[in-house]
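Spelled out, the chains give:
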Amino acid sequence: MEAKSGPAGVGLDVVFSDLVRLETELWDLVDRSLRGEHDLPLSWFEPMQVIDRVPDCRVADVAAALSITVGGTSKLVDRIAAAGWCTRRPHPDDGRSSILALTTAGRRRLTEARDTFDDELETWLGAALASDQLVSLASMIQQLRAHIADRREDDR
C-alpha cells in the first residue's frame, strides 16, 4: 500500500518521519548540554519549568502541559523529589492530589540551566531560521496541536 500524499504531493509519511526525527535530534542535543553542564536531564528540566510557573501546581498540571500521562508524570515527579529538587505537600482542598513546589536547590538548578537551554535553542533553532520563518513554524505547530486536541475531544 502506497503512503498518502498531502497537498502538492508531499508525502505525509515523510513529514511525520521528519517531525519525529527533528524532535528526537533536538531533544538529544539539548539534553546532552543540560546533563553535561548542570547534571539535569531535559526530562526533569521541562516538568521543573512547569512546577516553577504554575501556582499551586499539581501532577495533573504538569501532565497536561507536557502532553504525558498522569501516572508517568507522578513517577517523574517522584524522581525529581528524590533528588531534592521539588516537594509534594497535601492539597488543602483535594485529598487525592498534592501541591508541587521547587526546593531552593531545585529553583537554583533550574535558573542555572535556563541559560544553557536558551543557548541551545538559539543554536539549533534561532540560528537556522529567520525570525519570520520561526513565527510561521510556531504558528503551524500550534495549528497542528490544536487540530489534534480538537480531534481527540471528538473521539471522547
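The structure this text deals with has already been given above.
Along each chain, the written sequence defines residue order, and numbers are assigned to residues from 1. Two thresholds apply to this predicted model, a pLDDT of at least 70 for residue-level local features and 80 or more for giving and counting side-chain atom pairs, whereas whole-chain, interface and lining totals are computed over all residues. Excluded from the side-chain calculations are hydrogens and water; all other atoms, namely the structure's heavy atoms, are used.

Asker: For this particular structure, what's the right way to read unusual backbone geometry?
Answerer: Most peptide bonds are trans, and most residues other than glycine sit at a negative phi. Notably, D56 is not glycine yet its phi reads approximately 50 degrees, a positive angle. Each helix is a run of DSSP H or I of at least 4 residues and each strand a run of E of at least 2, with the numbering of both proceeding from the N terminus. Looking at the element boundaries, D56 is found in the loop between α2 (42-53) and α3 (59-66). Even without being a glycine, S67 presents a positive backbone phi close to 55 degrees. Topologically, S67 is positioned in the loop between α3 and α4 (70-82).

Asker: Is there a simple way to think about the side chain of D94 in this case?
Answerer: You can see D94 is positioned in the loop between β1 (86-90) and β2 (98-102). Here R96 takes part through its backbone nitrogen, which lies 3.0 Å from a polar atom of the side chain of D94. In protein, a polar contact means a hydrogen-donor-capable atom and an acceptor-capable atom, both N or O and within 3.5 Å, with residues adjacent in sequence counting only if both atoms are side-chain atoms; elsewhere, any N or O pair within 3.5 Å suffices.

Asker: So what exactly am I meant to see when it comes to a nonpolar patch on the surface here?
Answerer: Patches here: salt-bridge-free residues with over 30% relative accessible area, like charges joined within 9 Å, nonpolar side chains (Val, Leu, Ile, Met, Phe, Trp, Tyr) joined within 5 Å. Here the Shrake-Rupley method, with its probe set to 1.4 Å, supplies the accessible areas, and only the displayed protein chains count as covering residues. Basic side-chain nitrogens of Lys or Arg form a salt bridge, by our definition, when they fall within 4 Å of a carboxyl oxygen of Asp or Glu. Together, V10, V15, L19 and L144 make up a nonpolar patch on the protein surface, roughly 320 Å² of accessible area in all. Mapped onto the secondary structure, L144 falls in helix α6 (residues 131-155).

Asker: Where do I start with the pattern of salt bridges in this structure?
Answerer: Per the stated rule, a full pass over the model turns up seven salt bridges. The partner of D52 in a salt bridge is R107, with the nearest N and O atoms 3.4 Å apart. Highlighted residues: D52 in helix α2 and R107 in helix α5 (residues 104-126), separated in sequence by 55 residues. One salt bridge connects D78 with R88, and the closest N-O pair in it is separated by 3.0 Å. Of this pair, D78 sits in helix α4 while R88 is found in strand β1, placing the two residues ten residues apart along the sequence.

Asker: Sorry if this is basic, but what is going on with the pairing of β2 here?
Answerer: Successive residues of a regular strand alternate their side chains across the two faces of the sheet. In this scheme, a residue with accessible area under 20% of its type's maximum is buried, one over 50% is exposed, and one in between is partly exposed, where area comes from a 1.4 Å probe on protein chains only. For β2, the buried fraction is high: four of the five residues fall into the buried class. Sheet topology places β1 next to β2; five bridges connect them, and they run antiparallel. Bridge assignment links P90 to a residue of β2, and that residue is S98. Two strands form a pair only when DSSP identifies at least two bridges running between them.

Asker: So what exactly am I meant to see when it comes to the environment of A83 here?
Answerer: Mapping A83 onto the fold places it in the loop between α4 and β1. Exposure remark for A83: the relative accessible area of 37% places this residue in the partly exposed category. On a C-alpha basis, the gap between A83 and W44 in space is 10 Å, while along the polypeptide they are 39 residues apart.

Asker: Is there a simple way to think about a negative patch on the surface in this case?
Answerer: When charges are counted, neither His nor the chain ends are considered; positive counts come from Lys and Arg and negative counts from Asp and Glu. We put the charge of a Lys on NZ, of an Arg on CZ, of an Asp on CG and of a Glu on CD. Judged by side-chain charge, E37, D115, D118, D119 and E122 come together as a negatively charged surface patch. Its place among the elements puts D119 in helix α5.

Asker: Would you mind showing me how to read the layout of surface pockets here?
Answerer: Empty pockets left among the atoms are what a rolling probe the size of a water molecule brings to light. Counted as a void, the largest pocket has a volume near 2,200 Å³. Here a cavity means grid points, on a 1 Å grid over the protein atoms only, where a 1.4 Å probe fits yet cannot get out; a pocket means an open set of points with protein on both sides within 12 Å along at least five of seven lines; lining residues are those with an atom within 4 Å of a point. L19, E23, S67, I141 and R145 are the residues nearest the centre of the largest pocket, which is lined by 43 residues in total. Of the residues forming the lining of the largest pocket, the biggest block, 13 residues, is contributed by α6. Grid points are joined across faces, edges and corners, and a volume is the space filled by probe spheres set on the points.

Asker: Which parts of the structure should I look at to understand the packing of aromatic side chains?
Answerer: Within a pair of aromatic rings, the relevant descriptors are the distance that separates the centres and the angle that separates the planes. Centres within 6.5 Å make a pair out of two Phe, Tyr or Trp rings, where for Trp the six-membered ring is used; the pair is then stacked when the planes are under 30 degrees apart, edge-to-face when over 60, and tilted otherwise. Counted under the stated rule, the structure contains two aromatic pairs. Seen in terms of ring centroids, W44 and W85 are 5.7 Å apart; in terms of plane orientation they differ by 80 degrees. Their pairing is edge-to-face. Here W85 lies in the loop between α4 and β1 and W44 lies in helix α2, a separation of 41 residues in the sequence. Each member of the pair, W44 as well as W85, is classed as buried. Ring plane angle 35 degrees and centroid distance 4.6 Å describe the contact between F45 and F117, whose orientation is recorded as tilted. Separated by 72 residues along the polypeptide, F45 in helix α2 and F117 in helix α5 bring together distant segments of the chain. We note that F45, like F117, is buried.

Any link to function would need more than the numbers given here.
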